[in-house]
4 protein chains.
Amino acid sequence: MRAMNTLEIACNALATIGRECHARGWVPATAGNFSARLDNARILMTRSGRHKGHLDSGDFMRLDSLGQPLDEGTPSAEAGLHLSLYRRWPEVGCVLHTHSPRATVLSRRRGKQIALAGYEVLKAFDGIQTHEAEVTLPVFDNDQDIPRLGARVNAWLDRHSMPPGYLIRGHGLYTWGRDIAAAERHLEALEFLFECELLANR
Amino acid sequence: MRAMNTLEIACNALATIGRECHARGWVPATAGNFSARLDNARILMTRSGRHKGHLDSGDFMRLDSLGQPLDEGTPSAEAGLHLSLYRRWPEVGCVLHTHSPRATVLSRRRGKQIALAGYEVLKAFDGIQTHEAEVTLPVFDNDQDIPRLGARVNAWLDRHSMPPGYLIRGHGLYTWGRDIAAAERHLEALEFLFECELLANR
Amino acid sequence: MRAMNTLEIACNALATIGRECHARGWVPATAGNFSARLDNARILMTRSGRHKGHLDSGDFMRLDSLGQPLDEGTPSAEAGLHLSLYRRWPEVGCVLHTHSPRATVLSRRRGKQIALAGYEVLKAFDGIQTHEAEVTLPVFDNDQDIPRLGARVNAWLDRHSMPPGYLIRGHGLYTWGRDIAAAERHLEALEFLFECELLANR
Amino acid sequence: MRAMNTLEIACNALATIGRECHARGWVPATAGNFSARLDNARILMTRSGRHKGHLDSGDFMRLDSLGQPLDEGTPSAEAGLHLSLYRRWPEVGCVLHTHSPRATVLSRRRGKQIALAGYEVLKAFDGIQTHEAEVTLPVFDNDQDIPRLGARVNAWLDRHSMPPGYLIRGHGLYTWGRDIAAAERHLEALEFLFECELLANR
């Protein structure tokens, strides 16, 4: 079932997530960007360069599903990565990109993926019923050419089942969900797992 | 003396604990579950899948002492572990299950118990009058079969005096107390001790 | 100059400090106790067993300078350590005892003192004008016999100039100041220094 | 373009930054000082010894560009370091000096500079368009003689292009920006980078 969000509810819910992320240090400077699907034809997206800890309705704009602006202004430079996820999976209703120190540090370690296994909290992800599971998060090298980066992400997603999110090296986390609450749940679960991995590897 | 909580007071007190736990990262995603004894026959329990950082009265329901719902809806999947503690100890008035990174990381290290010794804060636990004490927390392997997990917990508790709580591996902490304030005190003391143990073991 | 605090201002200021300390994890469970000098004859002291994150005026009581209660109820079990500091130094207007994980972990390492040198923030302590200073914090072994512990503290203080505070092993920090604001400044400076020492020693 | 701030807006914005910095532990005790350019002739500066977590308009005063007070009272002892930055770069509208444990610990390690490379968040700094960049932060030895310290800072800045900030050893961070929001963005980016560097170096 595709999630539908009214404009006002979506702005408020994403602004609340932004304040919580800011309090936890997950959206430093003006890093991160958030979006939600409003209906079949429209995506709500944070504007470029806004501080995610102090969002109000003026910090959002609407795009069509090809990324054409429906309001004046400039969307986040990474809007293409969001739109690509909405096009791929009709059931996705919200995409959150955050930029925590832990995600950044883990993503800069060598390797093309991070495996997370044996945690009860893996059950926060759809389709996982037991801690006796292993989830793999792909890590993509960073690229300022967003279409090229998006093509690499898409090539990976074409060959794998839906992961709970992906990391861009030195750049942070993308995660998503059926609706805003599900995306927030996935974000909290992944950041929890990153904290556990760093605490355990001391 | 058995603690009695009115419905409204219990909901408010558990919601406040939820907000504080969320701010500290102890209930990520929708992890954790809370309960309180309302009277001889009824337990208040968080419903399944609710975010513990944003609880209101609609996120709770009542069960009888055998776990039968007294309100419509689905209680937390781990309600059986709560009920088992209320049946064992009539003096227990509140059970808190949290899911912090520190509890998770400590519980994943090898071993069937965690010993905590020499800390002044051990006096937060009933019956301990001095820091020259050692408290042992059992660590049980995780299991998605809650009755089977509960049976293992019960077998251990049958052979030992009441611990201040127990850990489930990769899954978090169960603690309890005479009333909600006592359970919160035990939770804060145990999380403090986990933080000290991890800081000291760097 | 001896600091004088009116009852209401002192309760409010200490309750605010309690909330901030709780948010930072420095007063877990019901650990910690706070006091302020009201006038030549009376000390305001937190009652025994109250949670320092939720203090209101009912959580305080007055003692005379010998520790005799001027209100009904039971003061903190460690009131004697506070009173001893007020009697020793007439210029002290506030004493704060906190119980952070960092202070606890540092105090449990071997040694009878902690030396802090080369930090700009040392200038937060009276009489220190430069970072090119070294401050020594004594660490006393814990003891449930408060008069005996107090006698050991006093014997040390008799032979040394006023330190910015002292640690009790596995138990936490005592610090103080001319008034409540000065004691809070010393608390924040010492906790900052403990955090730096632990970060540097990884 | 030189940023102009009205007095009231600047006081409120700097007080908000102070509260956020305090919540994060970046301005312990009364450490740190903040300033903003009001117009060509006047700088708003925090007064000496005020707690940066509880600033109101009475905690600020105005100076002319040579540092002469335009209001009664004593400005921060480090006002000279702020003024020197405003005189050097007419485009600077705000200077923030903070004092976090991480900045302190990194600055106390050997070396005269800290290199930060490969992070997406480097794009928070003016003129940086890609993560494939390296930013160098100079680290100056601390000195209680502020004019002498300022002269060393100036000698370095004379020979280099504008860095995103500088560290004083054991003392903290100076950063700045076109306006208050830009300076806050630089502060958050640098503290994020310090956290990453310390997490990675465990």
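Computed from a predicted structure; not experimentally measured.

*Asks:* Lay out the relation of the copies chain D and chain A in plain terms, naming residues and giving numbers.
*Replies:* For the pair chain D and chain A, the best superposition has an RMSD of 0.0 Å and corresponds to a rotation of 90 degrees with a translation of 0.0 Å parallel to the axis. As the rotation angle and translation indicate, the two copies are arranged about a four-fold axis. By residue overlap, the copies meet through two different surfaces: only 5% of the interface positions of chain D are interface positions in chain A.

*Asks:* Tell me about the environment of Trp176 of chain C, and please be specific about residues and values.
*Replies:* Residues and elements named next belong to chain C. Note on placement: Trp176 falls in strand β8 (residues 172–177). Between the C-alpha atoms of Trp176 and Tyr86, which are 90 residues apart in sequence, the distance is 9.4 Å. Not counting the four nearest positions on each side in its chain, Trp176 is found in contact with Leu85, Trp89, Val92, Cys94, Val95, Met162, Pro163, Pro164, Gly165, Tyr166, Ala183 and His186.

*Asks:* Lay out the interface of chain D and chain A in plain terms, naming residues and giving numbers.
*Replies:* Of the residues lining the interface, 22 residues belong to chain D; the matching set on chain A comes to 23 residues. Together, the buried faces of chain D and chain A total about 1800 Å²; carbon and sulfur atoms form 57% of this surface. At the boundary of chain D and chain A, one finds zero salt bridges. Along the contact surface separating chain D from chain A lie twelve residue pairs in polar contact (both at pLDDT 80 or more). Per-element tally for the side of chain D that touches chain A: the top contributor is helix α5 (residues 180–200) of chain D, with nine residues. Residues that form the side of chain D that touches chain A fall into these classes: nine nonpolar, four polar and nine charged.

*Asks:* Tell me about the sheet that holds strand β5 (residues 113–117) of chain B, and name the residues and values.
*Replies:* Strand pairing in a sheet is mediated by backbone hydrogen bonds. Such pairs are either parallel or antiparallel. Residue and element names in this part refer to chain B. Pairing is mixed in the open sheet, where eight strands are placed in the order β3-β2-β1-β4-β8-β7-β6-β5. Sheet topology places β3 (60–64) and β5 at the edges, where each strand pairs with a single neighbour. The sheet shows a mean angle of 20 degrees between the axes of neighbouring strands, taken without regard to direction. Those strands touched by helix α2 (residues 79–88) are β1 (33–39), β2 (42–46), β3, β4 (94–98), β7 (165–168) and β8 (172–177), and its axis lies near 40 degrees from that of β1. Where helix α4 (residues 146–159) meets the sheet, its contacts fall on β6 (134–140) and β7, and the angle it forms with β6 comes to roughly 155 degrees.

*Asks:* Mind laying out the pattern of salt bridges, listing which residues take part and the relevant values?
*Replies:* Enumeration over the complete set of coordinates arrives at 40 salt bridges over all chains. Its salt-bridge partner being Asp158 of chain B, residue Arg88 of chain B comes within 2.8 Å of it at the nearest N-O pair. Taken together, the residues Arg88 of chain B in helix α2 and Asp158 of chain B in helix α4 connect sequence positions 70 residues apart. Judged by relative accessible area, which is 25%, Arg88 of chain B ranks as partly exposed. Among the residues examined, Asp158 of chain B registers a relative accessible area of 57% and is labelled exposed. For Asp143 of chain B, the salt bridge identified is with Arg148 of chain B, shortest N-O distance 2.7 Å. Three or more residues joined by partner-sharing salt bridges are found here, namely Asp143, Arg148 and Arg152 of chain A.

*Asks:* Would you mind going over the UniProt feature "binding site: Zn(2+)" (unreviewed entry) in chain A in detail, with residue names and values included?
*Replies:* UniProt annotation of "binding site: Zn(2+)" (unreviewed entry) refers to His97 and His99 of chain A when read in the numbering used here. Along the chain, the position of His97 of chain A falls in strand β4 (residues 94–98). A relative accessible area of 1% means that His97 of chain A is categorised as buried. The residue His99 of chain A is located in the loop between β4 and α3 (101–108) in this model. Not counting chain neighbours up to four residues away, the residues in contact with His99 of chain A comprise Gly25, Trp26, Pro28, Ala31, Thr104, Gly170, His171 and Gly172 of chain A together with Glu120, Val121 and Phe192 of chain D.

*Asks:* Give a detailed account of the side chain of His131 of chain C, specifying residues and quantitative values.
*Replies:* Take His131 of chain C: it is sitting in the loop between β5 (113–117) and β6 (134–140). Of note is the side chain of His131 of chain C, whose polar atom sits 2.9 Å from the side chain of Gln144 of chain D. The contact partners of His131 of chain C, leaving out residues within four places of it in the chain, are Gly118, Tyr119, Glu120, Leu122 and Lys123 of chain C together with Asn142, Asp143 and Gln144 of chain D.

*Asks:* Give me unusual backbone geometry: which residues, what numbers.
*Replies:* One non-glycine residue, Ala29 of chain A, lies in positive phi territory at about 55 degrees. Along the chain, Ala29 of chain A turns up in the loop between α1 (7–23) and β1 (33–39).

*Asks:* Break down the packing of helix α1 (residues 7–23) of chain B against helix α5 (residues 180–200) of chain B for me, with residues and values.
*Replies:* All names here are of chain B. Interhelical geometry of α1 versus α5 gives an angle of 15 degrees and a closest axis separation of 11 Å. One finds that α1 runs roughly parallel with respect to α5. Crossing of α1 over α5 shows right-handed handedness. Mapping the contact onto sequence places Ala10, Ala13, Leu14, Ile17, Glu20 and Cys21 in α1 and Ile180, Glu184, Leu187 and Glu188 in α5. For the contact of α1 with α5, the residue count by class is seven nonpolar, no polar and three charged.

*Asks:* How would you summarise the sheet that holds β6 of chain C if you had to cite specific residues and measurements?
*Replies:* Residues and elements named next belong to chain C. Strand order in the open sheet formed by eight strands is β3-β2-β1-β4-β8-β7-β6-β5, with mixed pairing between adjacent strands. Looking at strand neighbours, the two that pair on one side only are β3 (60–64) and β5, the edges of this open sheet. Strand-to-strand twist of the sheet, defined as the mean angle between neighbouring strand axes without regard to direction, takes the value 20 degrees. Two strands pair when backbone bridges link them, and β5 and β6 are joined in this way by five bridges, in the antiparallel orientation. Along β6, the bridge assignment pairs Gln113 with Pro138. The sheet contacts of helix α1 (residues 7–23) involve β1 (33–39), β2 (42–46), β3 and β4 (94–98), and relative to β1 the element is tilted by about 160 degrees.

*Asks:* Summarise the packing of aromatic side chains; cite the residues concerned and give the values.
*Replies:* Under the definition given, this model contains 20 aromatic pairs over all chains. Look at Phe140 of chain B and Trp156 of chain B: their rings are 6.3 Å apart centre to centre, the planes differ by 85 degrees, and that puts the pair in the edge-to-face class. Of this pair, Phe140 of chain B sits in strand β6 while Trp156 of chain B sits in helix α4; the two residues are 16 residues apart in sequence, bridging distant segments of the chain. Residue Phe140 of chain B shares its accessibility class with Trp156 of chain B, and that shared class is buried. Within the aromatic cluster, the residues linked to one another by ring pairs are Trp89, Phe140, Trp156, Tyr166, Tyr174 and Trp176 of chain A. Here the guanidinium or amino end of Arg88 of chain B rests over the ring plane of Trp89 of chain B, the centre of that ring lying 5.8 Å away. The ring centre of Tyr119 of chain A lies 3.6 Å from the NZ or CZ of Arg108 of chain B, which sits over that ring.

Thresholds applied
Per chain, the residues get numbers from 1 upward, laid out in the order the sequence is written. Whichever chain is written first is A, and whichever ligand is written first is 1; the rest continue in order. Where totals are concerned, whole chains, interfaces and linings use all residues; where local detail is concerned, this predicted model gives features only for residues with pLDDT of at least 70, and gives and counts side-chain atom pairs only at 80 or more. Side-chain descriptors were evaluated using all non-hydrogen atoms of the structure, hydrogens and water having been removed beforehand. For the least-squares superposition of copies, only C-alpha atoms count, and only for residues with pLDDT at least 70 in both. Two residues form a contact once any of their heavy atoms are found within 4.5 Å. For the purposes of this entry, the term helix denotes a DSSP run of H or I that reaches at least four residues, the term strand denotes a run of E that reaches at least two, and both are numbered from the N terminus. Put simply, buried area is how much 1.4 Å-probe accessible surface two parts lose in total, over both of them, once they are put together. A carboxyl oxygen of Asp or Glu within 4 Å of a side-chain nitrogen of Lys or Arg is what we treat as a salt bridge. The term polar contact refers here to a pair of N or O atoms within 3.5 Å; inside protein, the definition further demands a hydrogen-donor-capable atom paired with an acceptor-capable atom, and it admits residues adjacent in sequence only when both atoms are side-chain atoms. The nonpolar class holds Ala, Val, Leu, Ile, Met, Phe, Trp, Tyr, Cys and Pro. Asp, Glu, Lys and Arg form the charged class, and all remaining residues, Gly among them, are polar. Two strands are counted as paired when DSSP detects at least two bridges linking them. To obtain an axis, a line is fitted to C-alpha atoms, over the contacting stretch when the element is a helix, and the angle between two such axes runs from 0 to 180 degrees between their N-to-C directions. Each residue is assigned to one of three classes by its accessible area relative to the maximum for its type, calculated with a 1.4 Å probe on protein chains only: buried under 20%, partly exposed between the two thresholds, exposed over 50%. UniProt positions are given in the numbering used here, feature names are shortened, and annotations may be inferred rather than shown by experiment. Roughly parallel means an angle under 35 degrees; roughly antiparallel means over 145; roughly perpendicular covers 65 to 115; every other angle is labelled oblique. Throughout, a crossing is termed right-handed when the near helix is turned clockwise from the far one, and left-handed when it is turned anticlockwise from it by less than a right angle. Stacked, edge-to-face and tilted are the three classes for Phe, Tyr and Trp ring pairs, Trp counted by its six-membered ring, which pair at centre distances within 6.5 Å; planes under 30 degrees apart are stacked, over 60 edge-to-face, the rest tilted. The rule is short: NZ of Lys or CZ of Arg within 6 Å of the ring centre and within 35 degrees of the ring normal puts a charge over the ring.

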